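Structure at a glance
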Amino acid sequence: MALCFMIGEGFAADRTAAEVSLNRKKPLTVLFTSDLHSKLDNVPYLKFLIDAKRRVAEERGDAVVVVDAGDMAMGTVYSTLFSSSATELLSLGMLGYDAVCFGNHDFDYGTDSLAKMFFTADSISAITDNPIKLPAFLNSNLRFENNILNRALQKIKSGPDTIIVSNGVRVGIIGSVGEDCFSTIADSKGIEYINQKEVVAESADDLRNRGADYVILLSHSGTYSKKGALKSSDALLAQSLQGRVDAIISGHDHIQLFKPLRVGNVVIGNAGCYGRYLGEMRLNGDSLEYSLYNVDFSPGRDSNLLKWLEIQKNRVNDHFVDMFGVSASDTVAVIDTPFEYGRDDFGNYPLGNLVAESYRSTALPFVSDDIVAVVPDGTLRNSLSVGAVTYADCYETLSLGMDSDGRVGYPLVLIYLYGSELYDVAELTPSIGDYMPDAKLSFAGFNYIYNSKRLPLFKVKEVFVGKQKVIKDKLYPVVGSYYTASLLRLMEESSLGLLKVVPKDACGNVVTDLKSCILKDSVGNDMVEWKVFADYLKMADFNSCKHNALSSSRIGKVVYAKTALDRDNYFVWLLYTTVLSVVVLFVLFVIKVARRMLRNRR
């Protein structure tokens, strides 16, 4: 039977247990997280909890490792210290992590900044009063052209895998990044992706040959799939690693697995995001014990980390003043309506619409025509609560990336798309959004009507810019973040080439360098998206912008047409049926010919 260990009064845990055949004689406890995204305010509680769970495991004779499955950076104001103070990696060292791997957002500041972060972490860890042992930073399947980054990784002794010896048990750990994860790196130039399955299998075999009793894979790939967790990236990976890997600690999709996912003899755990949960997986002979512990119920905080956090907060404020002339804690607006993270029952996203309106209002002076603003759900990282909204709140809502001058936040870019491409943009949310939730879009200056009964990629019926119906061969100005524009290629990939959007300039020429499309302010600085949003809230009549976000016709609204199939849809169904029939007849013909050839050979 699995046990749930209670530490202190008021402590709570979400837990389940499952039986698997692991054929191990020595018990191993794996404590794990993923996608911490710079949520350092949680670390004093997380530290107390990790220490408590480690103590219990060691007292019962277990080996213990503490690991994280990537995306330690990007999400709060602390990420502004990513390179200069290496706050995220140093905090993991202070928490006692043994090994971590890359996530896609760890590259948001570019490979030069990433290299500087590693050098900084190595330098600071050695000169503190109590030297900090950094976790092994594992990377099995990415290769870098940036020699400075390669030297930095050598400096911290990074490798594809490592063996941690705990209580006489040799625990092999591998770090890897999934293909879908790699595709969402904003600027992957100079980074080579190596097939994850092949590299991990090779590393696992090597670890076994080096005497590893267990092999644990850290995989920033994810356990979410519209078709179910067993069809997710890490579940499919587990199928190919039977007999090689004992467990996969998964990250990337921010999904908590309150029950372990078993794929053959491989167990998968996922603790979700932001340090809200600490995962525990105990491998012991033929049994598995698995729990997710809610960090909010931790009965204590680590006092040393509390003091360290105060120092980091002061550094954050200094950084904001130096870069933007404002303090992170300054108030920009007071709101009486919350703008929550996520979509409402009608499929609209008031926070996304509000952000889009801030982009649109900022870009209007740069164009003569009405303009469309686009915001993907995945770029919004925080909610706005009732009360005072600070610059820190605005930054944490749009906390990704860096501008061309090295300041935090992605800049806005102005591109042009044909009206036919706007139809494809509108198709993304109703047709593909359920499979790629982060890719659902919010708009300003843009409306579309679609029929939810129609087949995917044929749902959108009408598209409007402002109040005018879109002309398919006309160019329209579109504003969004650099990150959004750089990932437009994913539309084509995710739709098997049926949806294709290519950024252009005002003359219709294809844009080859998005940096040429960055919007600049009056003194030549990039217009950074989070600061644009903050300035919009600060300058606008908030009652008015609240109204715009919730109801204005200028804001992109999704209009559901939950009716029976319309006449246009009959043609679509007829086309699909005809194509399907042709394919089936062709397959039957091929089978018939093959059988005849086999009979003739006999």
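Structure: above.
Keep in mind it's a predicted model, so treat the numbers as computed, not measured. Along each chain, numbering runs from 1 in the same order as the chain's sequence is written. Selection of residues for local features in this predicted model requires a pLDDT of at least 70, selection of side-chain atom pairs for listing and counting requires 80 or more, and totals for whole chains, interfaces and linings are taken over all residues. Calculation of side-chain values draws on the structure's entire complement of heavy atoms; hydrogens and water are dropped beforehand.

With that settled, consider the packing of aromatic side chains. For this analysis, a ring pair means two rings from Phe, Tyr or Trp (six-membered ring only for Trp) whose centres lie within 6.5 Å, classed as stacked if their planes differ by under 30 degrees, edge-to-face if by over 60, and tilted for the remaining angles. Within the structure shown, the criterion is met by 22 aromatic pairs. Where Phe 82 meets Tyr 109, the ring centres are 5.5 Å apart and the plane angle is 65°; that geometry is what we call edge-to-face. Here Phe 82 is found in the loop between β3 (63-68) and α2 (87-95), whereas its partner Tyr 109 is found in the loop between β4 (99-101) and α3 (110-127), with 27 residues between them in sequence. Tyr 109 carries the same exposure label as Phe 82, and that label is buried. Between the aromatic rings of Tyr 410 and Tyr 483, the centroid separation amounts to 5.3 Å while the plane-to-plane angle is 15°, which identifies the pairing as stacked. Residue Tyr 410 is found in the loop between α10 (391-397) and β19 (412-418), and its partner Tyr 483 is found in helix α12 (residues 482-486); the two are separated by 73 residues along the sequence. On the accessibility criterion, Tyr 410 (4% relative accessible area) is buried. The helix count covers DSSP runs of H or I at least four residues long, the strand count covers runs of E at least two residues long, and both are numbered beginning at the N terminus. Only protein chains enter the accessibility calculation, which uses a 1.4 Å probe; a residue whose area is less than 20% of its type maximum is buried, one above 50% is exposed, and one in between is partly exposed.

Attention now moves to helix α8 (residues 303-324). An α-helical turn contains 3.6 residues, so a residue and the one three or four places further along point in the same direction. Multiplying 1.5 Å by the residue count of a helix minus one yields the expected span of that helix. Under the 1.5 Å per step criterion, the end-to-end length of α8 is 32 Å for 22 residues, consistent within 8% with the ideal 32 Å. For α8, every residue scored as buried is listed here: Leu 305, Trp 308, Leu 309, Gln 312, Val 316, His 319, Phe 320 and Phe 324. For α8, the arc enclosing every buried residue in end-on projection is 120°, short of the 170-degree limit, so these residues lie on one face. Of the exposed residues in α8, those oriented more than 90 degrees away from the buried face are Lys 307 and Asp 322. Whether two residues touch is decided by their heavy atoms; if any such pair falls within 4.5 Å, the residues are in contact. Elements that come into contact with the buried residues of α8 comprise α1 (43-59), α2, α10 and α14 (529-539). Of the residues that open α8, the one with a side-chain oxygen 3.2 Å from the backbone nitrogen of Asn 304 is Asp 302. Once α8 ends, the next one or two residues include Gly 325, with phi positive near 75°. The reported arc concerns the directions from the helix axis to the C-beta atoms and nothing else. Definition of a polar contact: a pair of N or O atoms within 3.5 Å, with one able to donate and the other able to accept a hydrogen when the atoms are protein atoms, and with sequence-neighbouring residues admitted only if both atoms are side-chain atoms.

Further remarks concern the packing of α1 against α8. Axis lines are fitted through C-alpha atoms, for helices just across the contact stretch, and the angle between N-to-C directions can take any value from 0 to 180 degrees. Two elements in contact, α1 and α8, have axes separated by 8 Å at closest approach and are oriented at 160°. Classified by the angle between their axes, α1 and α8 sit roughly antiparallel to one another. α1 and α8 meet at a crossing whose hand is right-handed. Residue-level contacts link Val 43, Pro 44 and Lys 47 of α1 to Leu 305, Leu 306 and Leu 309 of α8. Of the residues that constitute the contact of α1 with α8, the class distribution is five nonpolar, no polar and one charged. Reported orientations rely on four angle classes, namely roughly parallel under 35 degrees, roughly antiparallel over 145, roughly perpendicular from 65 to 115, and oblique for the rest. Here is the rule for handedness: rotate from the far helix to the near one, and if that takes an anticlockwise turn smaller than a right angle the crossing is left-handed, while a clockwise turn gives right-handed. In this count, Pro and Cys sit with the nonpolar residues alongside Ala, Val, Leu, Ile, Met, Phe, Trp and Tyr, while Asp, Glu, Lys and Arg are called charged and the others, Gly among them, polar.

Empty space within the second largest pocket amounts to approximately 540 Å³. Points on a 1 Å grid, built from protein atoms alone, make a cavity when a 1.4 Å probe fits but cannot get out and make a pocket when they are open with protein on both sides within 12 Å along at least 5 of 7 lines; residues with an atom within 4 Å of a point are the lining residues. Around the second largest pocket, the lining comprises 19 residues; the ones closest to its centre are Met 94, Asn 130, Ile 132, Asn 304 and Trp 308. Secondary-structure elements contributing two or more residues to the lining of the second largest pocket are α2 and α8. Here the residues of the lining of the second largest pocket are counted per class, giving seven nonpolar, seven polar and five charged. Grid points are joined across faces, edges and corners, and a volume is the space filled by probe spheres set on the points.

Here we take up the pattern of salt bridges. Salt bridge, as applied in this entry: a Lys or Arg side-chain nitrogen positioned within 4 Å of an Asp or Glu carboxyl oxygen. Summed over the entire model, instances satisfying the criterion amount to 19 salt bridges. For Asp 62, the salt bridge identified is with Arg 60, shortest N-O distance 2.8 Å. Among the salt bridges present, the one from Arg 360 reaches Glu 357, with a minimum N-O distance of 4.0 Å. Of the two residues, Arg 360 and Glu 357 are both situated in helix α9 (residues 350-363); the distance of three residues between them amounts to about one turn of the helix. Here Arg 360 matches Glu 357 in class, with each residue buried. When salt bridges with common partners are traced through the structure, they connect Lys 53, Arg 60, Asp 62, Glu 280, Arg 282 and Glu 289 into a single cluster.

In this section: the environment of Val 425. Assignment of secondary structure puts Val 425 in helix α11 (residues 419-432). What makes Val 425 buried here is its relative accessible area of 6%. When the C-alpha atoms of Val 425 and Leu 488 are compared, they prove to be 9.3 Å apart, with 63 residues separating the residues in sequence. Once you skip the residues sitting within four places of it in the chain, Val 425 turns out to touch Leu 417, Leu 441, Phe 443, Met 491 and Val 501.

Functional significance is not addressed by these values, which are geometric in nature.
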